[in-house]
Amino acid sequence: MSTLKPAAVRRVAVIGGSRIPFARSDGPYATASNQEMLGAALDGLVERYGLHAPGAVGEFVAGAVLKHSRDFNLARETVLGSRLDARTPAYDIQQACGTGLQAVVAAANKIALGQTESAVAGGADTASDAPLGVNDALRKVLLEARRAKSPGARLRALAKVRPRHLVPDIPRNAEPRTGLSMGEHAAVTARAWGVTREAQDELAAASHQRLAAAYERGLFQDLVVPFRGLARDQNLRPGSSTEKLAALKPVFGLDRPEPTMTAGNSTPLTDGAALVLLASEEWAAERGLEPLAYLSAYETAAVDFVHGDVADGEDGLLMAPAYAVPRMLERAGLGMADFDLIEVHEAFASQVLATLAAWEKRGLAPVDRSRLNVAGSSLATGHPFAATGARIVATLAKLLAERDAPGRGLISVCAAGGQGVTAVLERP
């Protein structure tokens, strides 16, 4: 009787990335679907790395948070509408704002175990083309009519339709368990951690200034493909300053004295798509491609925000990385001082600052701010939910490669539902 030998774990290389510029909702991409945006990012990757040949990519993994019923097989349909070989297998994945990074992790695991040699992973989201559901009361009437056994019974069921039934169910930015929006949850966490308005505005201004500088020096030349008239992220404000941000009125946490969160230190609703090309070292060498960096660790976590955040506790909706990162670093034998660059997804400036404070409380060294989000992050780029993780992976890998020296980078992404996805990239 033969037995399968366990596969040797291989290093997973980040070869490159491709994304379209991110746009504010109801703007340039108002009529663009998830598939169209994801396809544009994928075609950019195919062209840049010559992935036209049959079997060039082993697998395509992607997802979206806001999905129409037509997006039921989003990843596969994107492949079929792209320049990638139509025989490339594909599947969807979704973990709220952690979707893009979790897609990278899923693809990386298969490469590490030798189940495939290369993969493309990421995600897309459109807040402009969000699905509108049928009013639930109307849905029940229509189902009753469908189940009717006679024309008369069907007419009696349809006769129950009232004008109020014609109002659609519009997606809400609220947690089903609490009814609070993500911003309101973040406001609770900001109060619990004592995060000031000044600190939030300072972080937000730095994000815009650093992203603008990164564009000016050409960092994104081989990472961003123009789409629908945009060549840069629409939300970018190069002239942003703490003084300008200080003039904005608070929009979250208005039920308590001295609210601190504004539209300027919170991410706007955004449309966009981003992807990462991953591969084994052998695959890259055969094609003469030098890896930008390697994925060396990842970790997910979740918190009980239902009982913690709404009760003014510290375990807020977006605080799971406060647990995921310490666990990951302990397993890897690393500390904050071992990282040259740190990327923390900026859902809100207050959430970033609360996470940094939580890491210190849990025994990690303070983060050197000069190493944090050095090319800007979500406050400046915007945040198409499922695309953010892939954007960060590609950007961090490029930043590590630019250093032309051994280096290590940390990624932390918070997500709705009280979850967090984190990872480590290394360049030997």
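Below, the structure is looked at part by part. In this text the structure is predicted, and so the values were computed from the model without any measurement.

### Examining the overall build of the chain
No. 1: On a plain count of helices and strands, the chain comes out with 14 helices and 12 strands.
No. 2: In terms of overall dimensions, the chain is globule-like: its C-alpha atoms have a radius of gyration of 22 Å, near the 22 Å expected for 428 residues.
No. 3: For the chain, the spread of C-alpha atoms along the three principal axes comes to 75 × 60 × 55 Å.
No. 4: Buried positions account for 56% of the 428 residues belonging to the chain.
No. 5: Look at the contacts in the chain between residues 6 or more apart in sequence, and 80% of them connect residues 24 or more apart.
No. 6: When the accessible area of the chain is evaluated, it comes to approximately 18,100 Å², of which 53% is carbon and sulfur surface.
No. 7: The distance from the centre of the 46 positive side-chain charges to the centre of the 47 negative ones in the chain is 7 Å.

### A word on helix H7 (residues 197–216)
Since one α-helical turn is 3.6 residues long, residues separated by three or four positions face the same way.
No. 1: When the terminal C-alpha atoms of H7 are compared, their 29 Å separation across 20 residues agrees well with the 28 Å that a helix rising 1.5 Å per residue should span.
No. 2: Looking at H7, one finds that the buried residues are Arg197, Gln200, Asp201, Leu203, Ala204, Ala205, Ser207, His208, Leu211, Ala212, Ala214 and Tyr215.
No. 3: Along its buried surface, H7 packs onto strand S1 (12–19), helix H8 (242–246), strand S6 (250–252), strand S7 (261–262), helix H12 (349–361) and helix H13 (378–381).
No. 4: Of the residues trailing H7, Gly218 is marked for its positive phi of about 85°.

### A look at a nonpolar patch on the surface
No. 1: On the surface, Val134, Leu142 and Leu158 cluster together into a nonpolar patch covering about 240 Å² of accessible area.
No. 2: Tracing the sequence through the fold places Val134 in the loop between strand S5 (118–125) and helix H4 (136–147).

### Description of the packing of helix H11 (residues 321–332) against H12
No. 1: Two elements in contact, H11 and H12, have axes whose closest approach is 9 Å; the angle formed by their N-to-C orientations is 45°. Taken together, H11 and H12 sit at an angle that is classed as oblique. In terms of crossing hand, the pair formed by H11 and H12 is right-handed. From H11, Pro321, Ala322, Val325 and Pro326 reach across to H12, where they touch Thr355, Ala358 and Trp359.
No. 2: For the contact of H11 with H12, the per-class residue count stands at 6 nonpolar, 1 polar and no charged.

### As for the pattern of salt bridges
No. 1: For the structure on display, the rule yields 27 salt bridges.
No. 2: For the salt bridge of Glu282 with Arg10, the shortest nitrogen-to-oxygen distance reads 3.9 Å. Taken together, the residues span a long stretch of sequence, with Glu282 in helix H9 (residues 281–286) and Arg10 in the segment before S1 at a distance of 272 residues.
No. 3: A relative accessible area of 43% places Glu282 in the partly exposed class.
No. 4: The partly exposed category is assigned to Arg10, whose relative accessible area is 22%.
No. 5: Arg83 is the partner of Asp43 in a salt bridge, and the nearest nitrogen-oxygen pair spans 3.7 Å. You can see Asp43 sitting in helix H1 (residues 34–49) and its partner Arg83 sitting in the loop between helix H2 (74–80) and strand S4 (90–92), a full 40 residues away along the chain.
No. 6: Since its relative accessible area comes to 15%, Asp43 is described here as buried.
No. 7: Members of the salt-bridge network, linked through shared partners, are Arg10, Glu117 and Glu282.

### A look at the nonpolar core
No. 1: Formed by 48 residues in total, the largest nonpolar core has its most connected members in Leu278, Leu295, Ile411 and Leu425.
No. 2: Counting 37 residues, the second largest nonpolar core, distinct from the first, contains Ile15, Ala23, Leu38 and Ala62.

### Re H4
No. 1: Look at H4: 17 Å from first C-alpha to last across 12 residues, which is about the 16 Å you get at 1.5 Å a residue.
No. 2: As for H4, its buried residues are in contact with helix H5 (151–158).

### A few points about the side chain of Glu299
No. 1: Along the chain, Glu299 falls in strand S9 (residues 293–302).
No. 2: A polar contact is formed between the side chain of Glu299 and the side chain of Arg327, at a distance of 3.0 Å.
No. 3: When sequence neighbours within four positions are dropped, the list of residues in contact with Glu299 reads Ala324, Arg327, Met328, Arg331, Gly420, Val421 and Thr422.

### Things to note about the packing of aromatic side chains
No. 1: As enumerated under the stated definition, the model contains 3 aromatic pairs in all.
No. 2: Their ring planes at 65° and their centres at 5.0 Å tell us that Tyr29 and Phe227 sit as a pair that is edge-to-face. Of this pair, Tyr29 sits in the loop between strand S2 (23–24) and H1 while Phe227 sits in the loop between H7 and H8, placing them 198 residues apart in sequence. Phe227 shares its class with Tyr29; the two are buried.

### Thoughts on the layout of surface pockets
No. 1: By volume, the largest pocket amounts to about 1,000 Å³.
No. 2: Considering the residues around the largest pocket, the lining is formed by 43 residues, among which Asn173, Thr267, Pro268, Leu269 and Phe385 are closest to the centre.
No. 3: By residue class, the composition of the lining of the largest pocket is 25 nonpolar, 12 polar and 6 charged.
No. 4: In this structure, the second largest pocket encloses a volume near 220 Å³.
No. 5: Those elements that place two or more of their residues in the lining of the second largest pocket are helix H3 (99–112) and S9.

Conventions adopted
Residues numbered from 1 in each chain as written. Predicted model: local features only at pLDDT ≥ 70, side-chain atom pairs only at ≥ 80, totals over all residues. Heavy atoms only, no water. Helix = DSSP H or I, 4+ residues; strand = E, 2+ residues; numbered from the N terminus. Rg over C-alpha atoms; globule rule 2.2 N^0.38 Å. Buried < 20%, exposed > 50% of the residue type's maximum accessible area, 1.4 Å probe, protein only. Contact = heavy atoms within 4.5 Å. Areas by Shrake-Rupley, 256 points an atom, 1.4 Å probe, with all protein chains shown as cover. Lys, Arg positive; Asp, Glu negative; His and termini not counted. Charge placed at Lys NZ, Arg CZ, Asp CG, Glu CD. Expected span 1.5 Å × (residues − 1). Patch = residues over 30% accessible without salt bridge, like charges linked within 9 Å, V, L, I, M, F, W, Y side chains within 5 Å. Salt bridge = Lys/Arg side-chain N within 4 Å of Asp/Glu carboxyl O. Axes fitted to C-alpha atoms, helices over the stretch in contact; angles between N-to-C directions. Parallel < 35°, antiparallel > 145°, perpendicular 65-115°, else oblique. Left-handed = near helix turned anticlockwise from the far one by under 90°. Nonpolar A, V, L, I, M, F, W, Y, C, P; charged D, E, K, R; others polar. Core = buried A, V, L, I, M, F, W, Y, C linked by side-chain atoms within 4.5 Å. Polar contact = N/O pair within 3.5 Å; in protein donor to acceptor, adjacent residues only side chain to side chain. Phe/Tyr/Trp six-rings, centres within 6.5 Å; stacked < 30°, edge-to-face > 60°. 1 Å grid on protein atoms, 1.4 Å probe; cavity = no way out; pocket = protein on both sides within 12 Å on 5 of 7 lines; lining within 4 Å. Points joined across faces, edges and corners; volume = space filled by probe spheres on them.

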